[in-house]
Amino acid sequence: MTRPGASFESPKYVPNELLGRLLGRRLNAVVFSMDYVMLWFDGDVGGDDVAGGNVVLNCDVYPVAEHRGQVYAEPDLGYGDALRALIPQEVSSTVEQTGAGIVISFQTGRITIRPAFDELVGPEIAMLSGFADGAWMVWRPGDEPFEDLAGA
């Protein structure tokens, strides 16, 4: 039985709404795994993520790092240093749109997730989670802002 007025519809997707909640949060860790990168941001009070209350952007596709005007992709010498150089800067802006992908900007650089078709390694591109209210988002090929990667 359902309550009167209850709805089982998914919340409407609004580009950059959840990603925009990173504004003002510090990047406090970059965690490298065998085949992905996790970016940890200051969490919400009461947040309950496996990363100790941090808000986590799990990147299943390696992001591009830009620091002080120099752009680094994962195989480039200095890639890890460029990502770590953004610690402990605060997020100054975010963009989530077709053609740009996901862009997180800081005072001295930015992180961009905009994979080419041949860089896709699985069904997900990235996942953002760890907010105290339980909000989370998964980006997949074919979904906004990666519509051009449909059929991957």
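See above for the structure.
Below you will find a few notes about this structure. (Residues numbered from 1 in each chain as written. Predicted model: local features only at pLDDT ≥ 70, side-chain atom pairs only at ≥ 80, totals over all residues. Heavy atoms only, no water.)

So, about the pattern of salt bridges. Inspection of the entire model under this criterion finds six salt bridges. Residue Arg21 pairs with Asp133 through a salt bridge whose shortest N-O separation is 3.1 Å. Taken together, the positions of Arg21 in the segment before β1 (27-32) and Asp133 in the loop between β9 (126-129) and β10 (137-139) put the pair 112 residues apart, joining distant regions of the chain. With relative accessibility at 30%, the residue Arg21 sits in the partly exposed group. Asp133 gets classed as exposed once you look at its relative accessible area, which sits at 54%. (Salt bridge = Lys/Arg side-chain N within 4 Å of Asp/Glu carboxyl O. Helix = DSSP H or I, 4+ residues; strand = E, 2+ residues; numbered from the N terminus. Buried < 20%, exposed > 50% of the residue type's maximum accessible area, 1.4 Å probe, protein only.)

In this section: the layout of surface pockets. For the second largest pocket, the calculated volume is near 160 Å³. If you trace the second largest pocket, you find it lined by Asp35, Asp60, Val61, Tyr62, Pro63, Val64, Ala73, Glu74, Pro75, Glu119 and Val121. Taken together, the residues of the lining of the second largest pocket break down into seven nonpolar, no polar and four charged. (1 Å grid on protein atoms, 1.4 Å probe; cavity = no way out; pocket = protein on both sides within 12 Å on 5 of 7 lines; lining within 4 Å. Points joined across faces, edges and corners; volume = space filled by probe spheres on them. Nonpolar A, V, L, I, M, F, W, Y, C, P; charged D, E, K, R; others polar.)

What follows covers the side chain of Asp60. Along the chain, the position of Asp60 falls in the loop between β3 (55-59) and β4 (64-67). Buried within the structure, Asp60 lacks any salt-bridge partner; its nearest side chain of opposite charge belongs to Arg140, at an N-O separation of 8.7 Å. For Asp60, the side chain forms a polar contact with the side chain of Asn58, separated by 3.4 Å. Asp60 has contacts with Asp35, Tyr36, Val121, Glu124, Ile125 and Ala126, leaving out every residue within four places of it along the chain. (Lys, Arg positive; Asp, Glu negative; His and termini not counted. Polar contact = N/O pair within 3.5 Å; in protein donor to acceptor, adjacent residues only side chain to side chain. Contact = heavy atoms within 4.5 Å.)

Centre distance and the angle of the planes are the two values used to describe a pair of aromatic rings. With the rule as written, the count across this model stands at one aromatic pair. In this structure, Arg21 packs its charged tip against the face of Phe131, placed 4.3 Å from the ring centre. (Phe/Tyr/Trp six-rings, centres within 6.5 Å; stacked < 30°, edge-to-face > 60°. Lys NZ or Arg CZ within 6 Å of the ring centre and 35° of its normal.)

Below, the discussion takes up the sheet that holds β3. Reading across the sheet, the five strands line up as β1-β2-β3-β9-β10 and stay open at both edges, with antiparallel pairing between neighbours. The strands lining the two open edges of the sheet, one partner per strand, are β1 and β10. Pairwise comparison of adjacent strand axes, ignoring direction, gives a mean angle of 10° for this sheet. When β3 meets β9, the two strands line up antiparallel, connected through four bridges. Considered in β9, the bridge of Cys59 is made with Ala126. (Pairing = 2+ DSSP bridges. Axes fitted to C-alpha atoms, helices over the stretch in contact; angles between N-to-C directions.)

Function cannot be read off these values alone, since they describe shape.
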